[in-house]
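# Architecture and fold: a report
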Amino acid sequence: MEWEFKKGVPIYMQIIEKMEMDLLSGKYKPGDKLPSVRDMAMEAGVNPNTMQKAFSEMERSGLIYTERTAGRFVTTDHGRISALKSELSVKYLDELFETLHSLGFTDSEILSAVKEKCEGEE
Amino acid sequence: MLGKLIKYDLKSMFRSLLPVCGAFIVVGFLAGISFPNTIDSDTTSGVVLLWGTILFALIALTVAVSIISLIIVITRFYKNLLGNEGYLSFTLPVTTGTHLAAKCISGYIAFALAVISGIISYGLFAVFACARTGDLDEIGEFFNGIFTAIAEFASAQMHYAVVFVLMAIVSTIMALIKIYFSIMIGHQASDHKILMSFVAYIVITIIESVISNIIGMVFIGVGVFASLFGEMTFAFAVTTLILNTVLTIGYIFGTYYLLNNRLNLE
Amino acid sequence: MALLELRQVSKRYGNKSALDCVDLQLEEGRIVGLLGPNGSGKTTLIKLANGLLRTSNGAILIDGKEPSPETKSIVSYLPDKDSLPDWMKVDDIINYYVDFFADFDVDRAKEMLGSLNIDSKMKLGKMSKGTREKVRLILAMARKSKIYFLDEPIAGVDPAARDYILKTIISNYEPNALVIISTHLIADVENVLDEAVFLREGHVVLHQNVQELIEEKGKSLDGYFREVFAC
């Protein structure tokens, strides 16, 4: 029923990760109203203060904004959203490269492997 | 809050107490109406046997009501304050003094109920038995006679009457609080708490006897030497009253102190 | 001002110390885990706060006051003992709570009983242990108190009920209330905690925000606990 969380990484960071993915995947569209902190905390199975911290961070980084009486909304700033997309692609590529490097792959080997994969999917 | 605590005490105790007292009264009534009018060669043995059985049941119930009411009061105190329920009781927004007062009042009411049901039961027995043998008037006269005698004595010896009444009140309170005090003392033991409560009760009773015997001997001694029997007897009665009152107050404070400062729920 | 404060609190039994010179301040608006092995002093601390025990030394203050009927009216306690009378029905014990606790929310209690399908006409003594635990928890959570002490709230129930209980704790959250959860099942509750307090042999060895701790140590609260209390 609750969201799955990894051990060893602060929950609020994992919440932000998940919400960033939901944003890019279209689960939350630009301008969508977000549920209240309490409702999201209940859904996620986490402490409301933790959820609040995640929301505050996302507000600080411009992904969501608060309209005092109306609630919290996903940003409509498409520039910000594409910036997020780039951030995440860099992050996951970094992770991929780090993993494959540790398995002994060189950069060019990685590049060939990626090409093969793309061709295989056509 | 005090009233509410008493309410729940009585609710809990009456579950077992009312049926037993009810049965007691019913059997007393039955003993009365089944009373054989006459006992002669014509009376069937069946009739006498029936009444005899009912009478036996009445006596058994008399003993039972006495013992059961005692067990009910003790159990209520123990379970509600010192057992697992204590975790609920002592987190109520109520002072320890209120808890103790509630237990004293509800315990008193429970015992009073047992006594009253006894009076009603035997009263019904007497009235209906006499109704059957046609001696109803005699009963009336009998009770009248007792009341008149008491009234005469009371007006003639007012001071004795007062002491007597006060003694009755103090003794009943003392009996109840002595039980609670013994339970609290036993609760202090780390093991065999119930056994230690009995031991405490016995020890307290022995100490009481020793003290009152000493006082008694003093008064007898003075009475003998100074030939003041009448005055000494009255002085003895008053002194016993004072002693019991002091002991009762002591038991109340002792019980309160242990309940308030030495509570140790497991 | 701290809602719950312990100032140099000690509790001794003979020559054994259950709590030894403990200083602790817990603020409102937090859900705090009181964690430690058996005999570490968790239950003693909770009993002291509830006025079930007297301190040997030091002062324990609830909203600035020593334990008294006044503090008891703003503290809701869920003990790990089966503390409800057998002979009462659920309806009876609800009336009991209404009678004694001004902050008891009857509607909330009935709503929770309903969503857990608990028959209010059933006698407590006739219920299964798990159902009785749920009733006790509902009664404790249906009070609008300032401090909640939950002693092993999820230990005796099935996993589905555990989820419900944790969700109820989250949804009950009030910015001016303090919830203290004492438990062995750290992994199950750590996502719900703001702060963790580790107790060992009557001493507080840790009091920290859980997210900070995870970031610092790079492991879960449960993992770090096992490290600290490794045998």
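Being a predicted model, the structure only gives us computed values, none of them experimental.

## Structural notes on the overall build of chain C
- The number of helices and strands found in chain C is nine helices and nine strands.
- The C-alpha atoms of chain C give 18 Å as radius of gyration, which agrees with the globular expectation for 231 residues (17 Å, within 12%).
- Judged by the C-alpha coordinates and their principal axes, chain C covers about 45 × 40 × 35 Å.
- When the 231 residues of chain C are sorted by exposure, 55% land in the buried category.
- Long-range pairs, those at least 24 residues apart, make up 70% of the contacts in chain C between residues at least 6 apart in sequence.

## Structural notes on the arrangement of the chains
- Counting contacts across all two pairs of chains that touch, the top-ranked interface belongs to chains B and C.
- Between chain A and chain B there is no contact, and the shortest C-alpha to C-alpha separation is 27 Å.

## Examining the pattern of salt bridges
All names here are of chain C.
- In this structure the tally under the stated criterion is 25 salt bridges over all chains.
- Here Arg162 makes a salt bridge to Asp188, at a shortest N to O gap of 2.7 Å. With a gap of 26 residues between them, Arg162 in helix α6 (residues 159-171) and Asp188 in helix α7 (residues 186-189) connect regions that are remote in the sequence.
- Measuring nitrogen to oxygen at the nearest pair gives 2.3 Å for the salt bridge that ties Glu227 to Lys219.

## Comments concerning the sheet that holds strand β2 (residues 16-26) of chain C
Residues and elements named next belong to chain C.
- Pairing in this open sheet of three strands is antiparallel, and the strands run β2-β1-β4 from one edge to the other. The sheet is open, and its two borders are formed by β2 and β4 (57-62), each paired with just one other strand. Neighbour-to-neighbour, the strand axes of this sheet turn through a mean angle of 20°, independent of strand direction.
- Summarising the sheet, strand β1 (residues 4-13) and β2 pair through seven bridges and their orientation is antiparallel. Counterpart to Tyr13 in the pairing with β2 is Lys16.

The rules behind these values
- Residues numbered from 1 in each chain as written.
- Chains lettered and ligands numbered in written order.
- Predicted model: local features only at pLDDT ≥ 70, side-chain atom pairs only at ≥ 80, totals over all residues.
- Heavy atoms only, no water.
- Helix = DSSP H or I, 4+ residues; strand = E, 2+ residues; numbered from the N terminus.
- Rg over C-alpha atoms; globule rule 2.2 N^0.38 Å.
- Buried < 20%, exposed > 50% of the residue type's maximum accessible area, 1.4 Å probe, protein only.
- Contact = heavy atoms within 4.5 Å.
- Salt bridge = Lys/Arg side-chain N within 4 Å of Asp/Glu carboxyl O.
- Pairing = 2+ DSSP bridges.
- Axes fitted to C-alpha atoms, helices over the stretch in contact; angles between N-to-C directions.

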